[in-house]
Amino acid sequence: MTTQNLPEAKRAWLIWQLINELNELLWNHYDNDFSSFLLEEENPDYQSILSDLI
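Keep in mind that this is a model prediction, so the values were computed, not measured. (Residues numbered from 1 in each chain as written. Predicted model: local features only at pLDDT ≥ 70, side-chain atom pairs only at ≥ 80, totals over all residues. Heavy atoms only, no water.)

### As for the overall build of the chain
What the chain contains, in helices and strands, is two helices and zero strands. Expressed as a percentage of the 54 residues in the chain, the buried residues total 6%. Accessible surface for the chain amounts to roughly 5000 Å². Of this, 56% is attributable to carbon and sulfur atoms. (Helix = DSSP H or I, 4+ residues; strand = E, 2+ residues; numbered from the N terminus. Buried < 20%, exposed > 50% of the residue type's maximum accessible area, 1.4 Å probe, protein only. Areas by Shrake-Rupley, 256 points an atom, 1.4 Å probe, with all protein chains shown as cover.)

As structure tokens, this is what we get:
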């Protein structure tokens, strides 16, 4: 099966699922590093994200 034979919405759905899977893998591997990056940021939105994670 190739993605060329799938409707656009189905391809978008598959890509979205793969991006979410990649996001999960990256957070599982780099969670401490990502948290450190958030601590370095001055943006209050980033601080809010960090407080939600802890």
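### Digging into the packing of aromatic side chains
One pass over the full model with this rule turns up three aromatic pairs. Centre to centre, the rings of Trp27 and Phe34 are 4.8 Å apart; their planes meet at 80°, and the pair counts as edge-to-face. When its relative accessible area of 27% is taken as the criterion, Trp27 is described as partly exposed. Using a relative accessible area of 23% as the deciding quantity, one classes Phe34 as partly exposed. (Phe/Tyr/Trp six-rings, centres within 6.5 Å; stacked < 30°, edge-to-face > 60°.)

Note that every value here comes from positions in space, so none of it alone points to a role or purpose.
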